[in-house]
Amino acid sequence: MSTTAEHPRHQTVELDRVVIRFAGDSGDGMQLTGTQFTAASSLFGNDTATLPDFPAEIRAPAGTLAGVSAFQVHISDHDILTPGDAPSVLVAMNPAALKANIGAVTAGGILIVNVDGFDDRSLEKAGYASNPLTDGSLASYTVYEVPMTSLTMEVGKEAGVKPRDAERSKNFFALGLVSWLYSRPVEPTLEWIGKRFAADALVLDANTRAFRAGYNFGETAELFESTYQVRPAPLEPGTYTNVTGNTALAWGLIAASHRAGLGLFLGSYPITPASDILHELSKHKHFGVRTLQAEDEIAGIGAAIGAAFGGSLGVTTTSGPGIDLKAESIGLAVSLELPLVVVDIQRGGPSTGLPTKTEQSDLLHAMYGRHGESPVPIVAARTPSHCFETAMEAVRIAVTYRTPVILLSDGYLANGSEPWRLPDVAGLPAVDPAFAPAPGEGDGRAFQPYERDPETLARPWAVPGTPGLEHRIGGLEKADGSGDVSYDPVNHERMVHLRAKKVAGIAASLPPVDVDDEGGPGSAPVLVLGWGSTYGAIAAGVRRIRARGLAVAHAHLTHLNPFPPNLGEVLRAYPAVLVPEANLGQLVRLVRAEFLVDARSLTKVQGQPFRAAEIEAAILELLGVDPATTAPKEDVSS
Amino acid sequence: MTDTAVPVTTRKDWSSDQEVRWCPGCGDYSILAAVQMLLPDLGVRREDTVFVSGIGCAARFPYYMNTYGMHSIHGRAPAIATGLAVTRPDLDIWVVTGDGDALSIGGNHLIHALRRNVDITILLFNNQIYGLTKGQYSPTSEQGKVTKSTPFGSLETPFNPISLALGAEATFVARTHDMDRKHMQEIFRRAHAHRGSAFVEIYQNCNVFNDGAFERITGRDARAEHLIPLVHGEPIRFGPEAEHGVVASPDGRLRIAEVAEVGEEAILVHDEQREDPGLAFALSRLARGPFEPTPIGVFRAVDRPEYGEAMSRQLLDAAERRGPGDLEALLRSGGTWTVES
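The model shown is predicted, which means the values in this text are computed figures rather than measured ones. (Residues numbered from 1 in each chain as written. Chains lettered and ligands numbered in written order. Predicted model: local features only at pLDDT ≥ 70, side-chain atom pairs only at ≥ 80, totals over all residues. Heavy atoms only, no water.)

Looking at the sheet that holds strand β1 (residues 49-53) of chain B
Right, on to step 1. Judged by pairing direction, the sheet is mixed, and its nine strands sit side by side in the order β18(A)-β2(B)-β1(B)-β3(B)-β4(B)-β6(B)-β5(B)-β11(B)-β7(B) without closing on themselves. Each end of this open sheet is capped by a strand with a single partner; those strands are β18 (472-474) of chain A together with β7 (227-230) of chain B. Averaged over all pairs of adjacent strands, the angle between their axes in this sheet comes to 20°, without regard to strand direction.
Right, on to step 2. As paired elements, strand β5 (residues 172-177) of chain B and strand β11 (residues 294-301) of chain B share four bridges and run antiparallel to each other. Along β11(B), the bridge assignment pairs B:V173 with B:R300.
Right, on to step 3. Docked against the sheet, helix α13 (residues 327-336) of chain A engages β18 of chain A together with β2 (68-71) of chain B, running at close to 140° with respect to β18(A). (Pairing = 2+ DSSP bridges. Helix = DSSP H or I, 4+ residues; strand = E, 2+ residues; numbered from the N terminus. Axes fitted to C-alpha atoms, helices over the stretch in contact; angles between N-to-C directions. Contact = heavy atoms within 4.5 Å.)

Here it is in structure tokens:
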């Protein structure tokens, strides 16, 4: 095998992009397979976008539909925005994986099935009355039947692995086969297998052999007529890495703390899909990162508030019901006016809901989910790599304005990955904690813990250990300035206004919202306004509309509270505004209330991200255009 | 152990300018005085001292201390103090809490702070009643207690805070009461000196909603007969003539006996440093409630690594092994590729 795969017996077909979905039992290692295929493709130079989709159960009963785990990856020779609407290739390790995913595969797509998995019992478990491989029901697809299990066990036996264990390497066989089919270089994957399984020589050997066997099977078995090639994408020059949203978020927090010269403290309780941030930060103790796996969600944020009081960068991470539990403590942080970052990786709700599925349904919770007038700034990441800069931005706001900030990500961004052009570390923004200094000799005036900076309205961050600044803070209402407990009605109203004004005033530090409108701002008949992880689908949907020769504009919000200062002006410049959200219409409510514009809502709450086609259809409908009359002038991919 | 560089202070230096607003006659006043008068003796600085509290009458305590302080939310003080303690091991952190705050809404945080052995000193003001919400029964109220929320009597078995702390792996567990400043200060001094979580239950009188709850044992005339002082290395004896003592029954339970009857050598010698908390637990069960002879003093004081220090050591070890954090290297740690222009 060589890096520049030559296939003398096969012709190579050039593709501009391909969407592949790996599907199997949750114990089959599909996430690992997909992740490594993505990594190899990124290293090769493709643009990539991924969509992991797995059940909440760790191991649902094997062979059942409930236990199917899938990983979709979109690789292309140009820049792409989404993991693809529909896979054109499905790798199915068993009948359940086929059944659960066949509906998504494009007409005429390729099915690569592990034929060994299609025994009567497995077919029955998946609910197949007859074998789809033989009953003709897959006639519209190109089906490749590969005996992955038996071939893997064969090479496992050579390695000296017990048959039971040998079978477990079959995902590496699949990875090898698909790597061959799509002309992926093998070295990076072999290297990765070597590192990943270094602890167990036998497993390493078995996986390596299975991977090679899969690759060689493609080469030698006269099953495939051609291989495919997706050339590198002309990405912006630079150094790239592949990053998931949760990793990027963790790194953004480390970078922000590093640049601010603040110790990073994370208080967190394990919860899907946020736990990976806790895992990632726990690895980086040499950055001075302290992590506490707290006894519950409330302790997680409580400890972060304690750390913030002591002058650290306090962070807590959570999802779903965890953000409910933190509400009271966020209110305390609003009252204390201490910097704090609260990360919410949104997932399907209410209650336990859909722990592993994505949703954008916590926006109004972030905005209003506390008693009393309790304003909190909100930022949202739009892509996996954007989680890095959004984390830095959350820290900037928290530290500059002495306030809790809620950072919204979601399950799709958390687990999805994309190539990320690494920023220049020296050029990363640095925020100054500006701790209150100890008073000098003769400063007779008593320290005023709630005296405000005239510009930001932020109060001093006076940390214990500073002589002369001893003070008490708490959840009871404060007297303006002195911070003493005050029940004075007029003071309370003044403080409520001051806290609201401080948060609203953050807008002055924000860049105007950027509008992607080819004809110049206000020229298109429709503006699509999005926030968070709908970015890729909206941008791709907009491309499709433009490929039809139609005009549409797109604006995407990172700052949800306060909004960028020019948002009202932007919204009013368009006759129609469409707001797609993975909820029942939360941002749309906020902009309608704030700006009195007749924005329309497009909603999807299936635990899955929007498809570009869904956005496209909604825009066409709003434009009053029949999709059939305006065929795209060019094939555009998302 | 006074550090010469620490300025000499008096109670006044440790008192804030805020008017103390507990009910006249509340036991909290004597605890506040005991703490304010003790602190000048401890060789600590005001700026390095932090009082953290939750919600309840006791939780107003930080406002009256001229130190750093936080009056937080109900039950959460141990969690907040944990975050502060592990990031600021240089500080001297006290948690002031009550029986409702620590044992009801905040029970989870209390037991986990104790289990972790975070370096904080926890003062639990136990008055066996909810005061701030005006008189409902608390998790330490006796069964049958008639209150506004239990007009027909409480159905619940109370917690024994000492037993609870011992069960939660606490390394320092003690009891004192608000009628004896000297004893309080001796216990607070020990608790403050302890490395790790120190748990002190203070029997505190709420003269408005539960007046006299402890009078049968802490009243001036009752103490000799009803308070059993625990002294490390000494036989556990009490009574005006030290005529009573604690002995172990053959079935393992502890009971009170007359020294004259059982002989001096039969009296249990108190060992607060026993690794096994069993005997301390048995001592905590000696009295069924504050109406019969009750041990006070230090039940348990053992050494176990302190949580914040252990966490700091992990950070130092990591920095030593991997060098200081390098952002550039971090961002490249997942493998990179370069796109040429």
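Quick word on the interface of chain A and chain B
In many analyses, interface size is given as the accessible surface area lost on bringing the parts together.
Right, on to step 1. At the junction of the two partners, chain A supplies 69 residues and chain B supplies 60 residues.
Right, on to step 2. Both faces combined, the contact of chain A with chain B buries some 5300 Å², and carbon together with sulfur accounts for 63% of it.
Right, on to step 3. Taken together, the links from chain A to chain B amount to three salt bridges.
Right, on to step 4. In this structure, A:E295 and B:R116 form a salt bridge, with 2.8 Å as the shortest nitrogen-oxygen distance.
Right, on to step 5. Where chain A packs against chain B, one counts 27 residue pairs in polar contact (both at pLDDT 80 or more).
Right, on to step 6. Those elements that provide at least two residues to the side of chain A that touches chain B are α1 (30-44), β9 (238-244), α9 (245-260), β11 (289-293), α11 (297-309), α13, β17 (417-421) and β18 of chain A.
Right, on to step 7. Top element by residues in the side of chain A that touches chain B is α11(A). It accounts for eight residues.
Right, on to step 8. For the side of chain A that touches chain B, the residue count by class is 37 nonpolar, 22 polar and 10 charged. (Buried area = accessible area lost by both parts, 1.4 Å probe. Salt bridge = Lys/Arg side-chain N within 4 Å of Asp/Glu carboxyl O. Polar contact = N/O pair within 3.5 Å; in protein donor to acceptor, adjacent residues only side chain to side chain. Nonpolar A, V, L, I, M, F, W, Y, C, P; charged D, E, K, R; others polar.)

Looking at the domain arrangement of chain A
Residues and elements named next belong to chain A.
Right, on to step 1. Each domain of chain A was delimited in the assignment, giving domain 1 (2-230), domain 2 (241-427) and domain 3 (515-629).
Right, on to step 2. Listed by partner, the interface residues are six residues for domain 1 and 12 residues for domain 3.
Right, on to step 3. Counting the surface domain 1 buries against domain 3, the share from its top three residues, L81, T82 and D85, is 68%.
Right, on to step 4. Between domain 1 and domain 3 we count two salt bridges in total.
Right, on to step 5. Applying the counting rule to domain 1 against domain 3 returns five residue pairs in polar contact (both at pLDDT 80 or more). (Domains from an automatic or database assignment.)

What to know about the pairing of β5(B)
Residue and element names in this part refer to chain B.
Right, on to step 1. Buried residues dominate β5, accounting for six of its six residues.
Right, on to step 2. Residues of β5 alternate between two faces, with F172, A174 and T176 on one and V173, R175 and H177 on the opposite face, all of them buried.
Right, on to step 3. Two strands pair when backbone bridges link them, and β5 and strand β6 (residues 198-203) are joined in this way by six bridges, in the parallel orientation. When the bridges of β6 are listed, F172 appears paired with A198.
Right, on to step 4. In this region the chain leaves β5, passes through helix α6 (residues 181-193) and returns to the parallel neighbour β6; the handedness of that crossover is right-handed. (Buried < 20%, exposed > 50% of the residue type's maximum accessible area, 1.4 Å probe, protein only. Right-handed = clockwise from strand over helix to strand, strands pointing away.)

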